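Summary of structural features
The residues making up each chain are set out below.
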Amino acid sequence: MRILICGAGQVGFGIAERLSAENNDVSIVDQDPNLVRRMGDLLDVRGFVGSASHPDVLDQAGAGDADMLIAVTHSDEVNMVACQVAHSLFDVPTKVARVRAQSYLAPHWSDLFLRENLPIDVVISPEIEVGEMILRRLRMPGAFEVLGFCDNEILVLGISCESDCPVIDTPLKHLGELFPDLPAIVVGVYRDGKLFVPRGDDQLLAGDEAYVATLAPQTERVMKIFGHEERRAQRVIIAGGGNIGLFVARRLEQTQRDVRLKVLEHNRERAVAIAEQLDRAIVLNGSALDEELLREAGVESADMIVAVTNDDQVNILASVLAGRLGSARNMCLINNTGYMTIVRSLGIDAFINPRGVTVSRILQHVRRGRIRAVQTVLNGAGEVIDAEALPTSPLVGRALNELDLPDGIRIGGIRRGRTVMVPRADTTIEANDRVVIFATKDRVHEVEQLFRVSLDYF
């Protein structure tokens, strides 16, 4: 696939890194020659210096032959114009734009991105995507990751296996015998720096991070079986009143009226502005690294602190400080992937990477086949893919124990019409089923082949 990426920042680099590694033909456009040069040195991509909204620059970068344009510059307006130019002058089939300003995304302006107005096929708002992920984790504070599929009816939970986890040192094939009515499957395990899909004879060990597929109504029971009985967070502190912090605060006020919420914002004007937009939350002006301010916010009795400032280091330090002052759990936003390997050792329970969230949304539209959703895990070491099984798929009409799926792939959930299920060994996949599959990075191409549209389908 020929893909043109506009923007060579962190998100653009992450997308280019992933797509070029999968043998796509990738070109990158950015106004900063240093960023373009760096990307060309590190990745197998072609770089072009210039504005992504200028027709001559897009033409030079190969827009005329592109199958997809992905606009993720720092400017919403440049991203939108790049898509318009790609459509009007180069007839690029698929156009993706990152749009951050919430005013563009208001429901009453929904016609803005229609084909006859601004022809953008996929609009991605990192703030909303990240905010929704934070809200899911607040509902299940014992999980370090919560991924939703099939309208959040099937969930994949990332669960840390502590030394007191009731199911460690037990062969996974015996879990079905111990809990015969529990719809849950361990689809992936991260151990000693390696992600793998376990077999039935494998056991979970203390220190493992397990990815468990289950149905939404069963999540509380699954967490309890894995040794996590943390209650839903009711006393929450949000450090950072930017777009993400405000989005989360608003949604908590709308959906969880019993939550006692405090928001910390260091900029006084911004603090006043968000205080006027919130009904019940208390907004405090000051630094999230100020111990006295944290105590004033009630950190010693907080169920969760969510650090979402624009500074990774502030987010990490605020989470660590809050934990030492008494906060039961913490979660922070991290943009720099270099910090991801150390945060757990610092006592941080969960972190969210906006770049990873954005890359996941884009991969959904790059993957071949009837792919409905994609979520990456562990900075791209694996993926959870929600795909539709067409009548020509080799999965259809065969029981799972007859499929002989390769190592590194595990089916975790199926939606058939209005019915959702976690499959058993004798479950047969039917045409048009939605199938949720966990796959390690090296097996993603094989998953695509299982769901590609065959000519026989037409």
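The name given to the chain in an unreviewed UniProt entry is Trk system potassium uptake protein TrkA, with Dichotomicrobium thermohalophilum as the source organism.

A few words now on the environment of aspartate 208. Along the chain, the position of aspartate 208 falls in the loop between strand S10 (194–196) and strand S11 (209–215). Considered as a pair, aspartate 208 and histidine 266 are 58 residues apart in the sequence and their alpha carbons are 38 Å apart. Among all residues touching aspartate 208, those that are not within four sequence positions of it are Ile159, Ser160, Cys161, Val189, Tyr190, Arg191 and Gln203. Looking at aspartate 208, its side chain comes within polar contact range of the side chain of arginine 191, at 2.7 Å.

Moving on, we get to the pattern of salt bridges. Throughout the structure, instances matching the rule amount to 22 salt bridges. Put simply, glutamate 127 and arginine 100 hold a salt bridge, and the shortest N to O gap is 3.5 Å. One end of the pair, glutamate 127, is in helix H5 (residues 126–139); the other, arginine 100, is in the loop between strand S5 (94–98) and strand S6 (122–124), with 27 residues separating them in the sequence. Judged by its relative accessible area of 10%, glutamate 127 falls in the buried class. The residue glutamate 132 makes a salt bridge to arginine 251 at a minimum N-O spacing of 2.5 Å. Here the residue glutamate 132 occupies a position in helix H5, and arginine 251 occupies one in helix H8 (residues 243–255), the gap between them amounting to 119 residues. Accessibility expressed as a relative area gives 25% for glutamate 132, which makes it partly exposed. Through salt bridges with shared partners, a single ionic network connects Arg18, Glu22 and Glu383.

When the parts of a complex come together, some accessible area is lost, and that lost area is often taken as the interface size. Once the domains are mapped, the chain shows domain 1 (2–124), domain 2 (235–328) and domain 3 (357–451). Distance between the C-alpha centres of domain 2 and domain 3: 38 Å.

The next thing to look at is the side chain of serine 27. On the secondary structure map, serine 27 appears in strand S2 (residues 25–30). Residue serine 27 is classed as buried on the basis of its relative accessible area of 3%. Within the local environment of serine 27, its side chain forms a polar contact with the side chain of arginine 46, the two groups lying 2.9 Å apart. Apart from residues no more than four positions distant in its own chain, serine 27 is found in contact with Ile3, Leu4, Ile5, Arg46, Phe48 and Ala61.

All right, on to the sheet that holds strand S19 (residues 382–388) then. One open sheet accounts for 5 strands, arranged S18-S19-S22-S20-S21; its pairing is antiparallel. Here the strands that pair on one side only, and so sit at the sheet edges, are strand S18 (371–377) and strand S21 (419–421). Neighbouring strand axes in the sheet, compared pairwise and without regard to direction, differ in orientation by 15° on average. Of the strand pairs in this sheet, strand S20 (residues 409–416) and strand S22 (residues 434–440) are connected by 6 bridges, and their pairing is antiparallel. From the neighbouring strand, glycine 413 faces S22, where its bridge partner is valine 436. Each of S18 and S19 is contacted by helix H12 (residues 354–366), which is oriented at about 150° to S18, the strand it contacts most.

Reading guide: rules and limits
Residues numbered from 1 in each chain as written. Predicted model: local features only at pLDDT ≥ 70, side-chain atom pairs only at ≥ 80, totals over all residues. Heavy atoms only, no water. Helix = DSSP H or I, 4+ residues; strand = E, 2+ residues; numbered from the N terminus. Contact = heavy atoms within 4.5 Å. Polar contact = N/O pair within 3.5 Å; in protein donor to acceptor, adjacent residues only side chain to side chain. Salt bridge = Lys/Arg side-chain N within 4 Å of Asp/Glu carboxyl O. Buried < 20%, exposed > 50% of the residue type's maximum accessible area, 1.4 Å probe, protein only. Domains from an automatic or database assignment. Pairing = 2+ DSSP bridges. Axes fitted to C-alpha atoms, helices over the stretch in contact; angles between N-to-C directions.

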